[in-house]
Amino acid sequence: MRILVDGHGGDSAPEMVIDALELASSATFIKQFPVTPKLGIVGQEEAILPLLQARGLESKVDLVPATEVVGMCDSPSHALRRKKGSSIHIGAAMVRDGEWDALVSAGNTGALMAISKVILRTLPGIDRPAIASMIPAVHHGRTLMLDAGANSECTSDHLVQFAIMGSCYMQAAEGIENPRVGLLNIGSEEIKGTDIIKLTSSKLSETALNYIGNVEGTDLFGNNIDVVVCDGFVGNVALKTMEGTARFLADSMKSELTSDVVSKAGALLASSALKRFKDKVNPGKYNGAPLLGLNGIVVKSHGGTDAEGFVSAIAVACKEVSENLTDRITESVQEWVEI
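Described in the following lines is the structure provided in the data block.

Here is what the cut-offs are and how they apply
- Residues numbered from 1 in each chain as written.
- Predicted model: local features only at pLDDT ≥ 70, side-chain atom pairs only at ≥ 80, totals over all residues.
- Heavy atoms only, no water.
- Helix = DSSP H or I, 4+ residues; strand = E, 2+ residues; numbered from the N terminus.
- Rg over C-alpha atoms; globule rule 2.2 N^0.38 Å.
- Buried < 20%, exposed > 50% of the residue type's maximum accessible area, 1.4 Å probe, protein only.
- Contact = heavy atoms within 4.5 Å.
- Areas by Shrake-Rupley, 256 points an atom, 1.4 Å probe, with all protein chains shown as cover.
- Lys, Arg positive; Asp, Glu negative; His and termini not counted.
- Charge placed at Lys NZ, Arg CZ, Asp CG, Glu CD.
- Axes fitted to C-alpha atoms, helices over the stretch in contact; angles between N-to-C directions.
- Parallel < 35°, antiparallel > 145°, perpendicular 65-115°, else oblique.
- Left-handed = near helix turned anticlockwise from the far one by under 90°.
- Nonpolar A, V, L, I, M, F, W, Y, C, P; charged D, E, K, R; others polar.
- Salt bridge = Lys/Arg side-chain N within 4 Å of Asp/Glu carboxyl O.
- Phe/Tyr/Trp six-rings, centres within 6.5 Å; stacked < 30°, edge-to-face > 60°.
- Lys NZ or Arg CZ within 6 Å of the ring centre and 35° of its normal.
- Expected span 1.5 Å × (residues − 1).
- Pairing = 2+ DSSP bridges.

**Things to note about the overall build of the chain**
The helix and strand inventory of the chain stands at 13 helices and eleven strands. Taking 2.2 N^0.38 as the reference for a compact globule, 339 residues should give roughly 20 Å; the C-alpha atoms of the chain span a radius of gyration of 21 Å, in line with that estimate. Along the first, second and third principal axes, the C-alpha set of the chain runs to 65 × 60 × 40 Å. Burial statistics for the chain: of 339 residues in total, 49% are counted as buried. In the chain, the proportion of contacts linking residues at least 24 apart, taken out of those at least 6 apart, comes to 71%. Working note: accessible area of the chain is about 16000 Å², and carbon and sulfur atoms make up 53% of it. Between the centroid of the 30 positive side chains of the chain and the centroid of its 41 negative side chains there is a distance of 3 Å.

Pasting the structure below:
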């Protein structure tokens, strides 16, 4: 299980990435998986090697040299055509060539998607890759939403492909035998939605998926759905709204609980419950969005994450590799195409 990380992706790279690799080298992290992950980092040697040596990681983490860095402001086309020596480019090529099993990056999302799509290409039967994002649900559950921003406009076939990939992912990563798939719409009634949404619903009904029909935004955190399908425009707006709402609730709660002596005393008494709430809505716990549909495993980490969040993204990559997710998606898509 060979996991390569981008040493230059993220707001606090490369230090944050090195911190994450130190955590991922620990026995606590390793014991989650049946096979001990082999870890590597791709980046500029002069920036990465001293940090590895300072942490005593040079014997635990392989260093793959790269000569360039894709900046957060670089356009996807510029990164693809002009920075072929970048850490993202080199990392994707090594996954393609079978030298590493997965690439994890907190770098430029557009560049990561563009480079990965060109170098790795899509799986047979998949037209476009999708960004799959995990969100918390009630009763300690999780819901997978895709697409979360890669494709702003989609056909009905694209959405069906997203549904198949999402179902395969939840089977492999979360152990859900028959994931419930819903189509995000402005209402649960069949007559609602655009023509594309209506056609998608009809096609999903003909698949072997556990399709439960249209779902609304209020269902995203519920316990009646495992996979929610939408185009990238809607998905990204929904995801950013969730993140903003979580920050608003956290800030408002902190403000109210520290407003006076009585509130502070109540907060002290409820400290254990408040900590559990904070952990539940912590974005880092759900960090790591797989780019599903590629002929290789690539996981996107949030650019502003900390080391613990980045470790979560590494764990996502490990799960995909250990469960042979790429092959499972290919088989499922081919079954749908034959139908």
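Anyway, onward from the coordinates.
**With respect to the packing of helix 7 (residues 156-174) against helix 8 (residues 195-205)**
The interhelical angle for the contact between helix 7 and helix 8, taken along N-to-C directions, is 45°, at an axis separation of 9 Å. Accordingly, the angle class assigned to the pair helix 7 and helix 8 is oblique. Between helix 7 and helix 8 lies a crossing of right-handed hand. Where helix 7 approaches helix 8, its residues Ser156, Asp157, Leu159, Val160 and Ala163 are matched on the opposing element by Ile196, Ile197, Leu199, Thr200, Lys203 and Leu204. Partitioned by chemical class, the residues of the contact of helix 7 with helix 8 number seven nonpolar, two polar and two charged.

**Some remarks on the pattern of salt bridges**
Between side chains of opposite charge, a pair can form as their charged atoms come close. Evaluation of the coordinates by the stated rule reveals eleven salt bridges. A salt bridge links Arg2 to Asp101; its shortest N-O distance comes to 2.8 Å. One end of the pair, Arg2, is in strand 1 (residues 2-6); the other, Asp101, is in the loop between helix 5 (87-96) and strand 4 (102-105), and 99 residues separate them in sequence. Since its relative accessible area comes to 27%, Arg2 is described here as partly exposed. Residue classification places Asp101 among the partly exposed positions, given a relative accessible area of 24%. Between Asp74 and Lys83 there is a salt bridge whose closest N-O contact spans 2.7 Å. Taken individually, Asp74 and Lys83 each receive the classification buried, so the pair is uniform in this respect. The structure contains a network of salt bridges with shared partners spanning Asp19, Glu22 and Arg55.

**Regarding the packing of aromatic side chains**
Considering all chains together, one arrives at one aromatic pair under this definition. One cation-aromatic arrangement involves Lys38 over Trp100; the distance from NZ or CZ to the ring centre is 5.1 Å.

**Considerations on helix 7**
The terminal C-alpha atoms of helix 7, which comprises 19 residues, lie 26 Å apart, in line with the 27 Å expected from a rise of 1.5 Å per residue. Buried residues dominate helix 7, accounting for 16 of its 19 residues. Directly after helix 7, the chain includes Gly175, whose backbone phi takes a positive value near 70°.

**Quick word on the pairing of strand 4**
Here strand 4 shows no split at all, with Ala102 and Val104 on one side and Leu103 and Ser105 on the other all buried. Pairing geometry for strand 1 and strand 4, over three bridges, is parallel. Within strand 4, the position partnered with Ile3 by the bridge is Ala102. For strand 4 and strand 11 (residues 297-300), the ladder comprises four bridges, and the chain directions are parallel.

**Quick look at unusual backbone geometry**
Cis geometry marks the peptide bond from Ala13 to Pro14; its omega dihedral reads 0°. The amide bond that connects Leu146 to the next residue, Asp147, takes the cis arrangement and shows omega of 10°. Within the secondary structure, Asp147 is located in the loop between strand 6 (141-146) and helix 7. Despite not being glycine, Arg121 shows a phi value in the positive range, around 65°. Mapped onto the elements, Arg121 comes out in the loop between helix 6 (109-120) and strand 5 (130-137).

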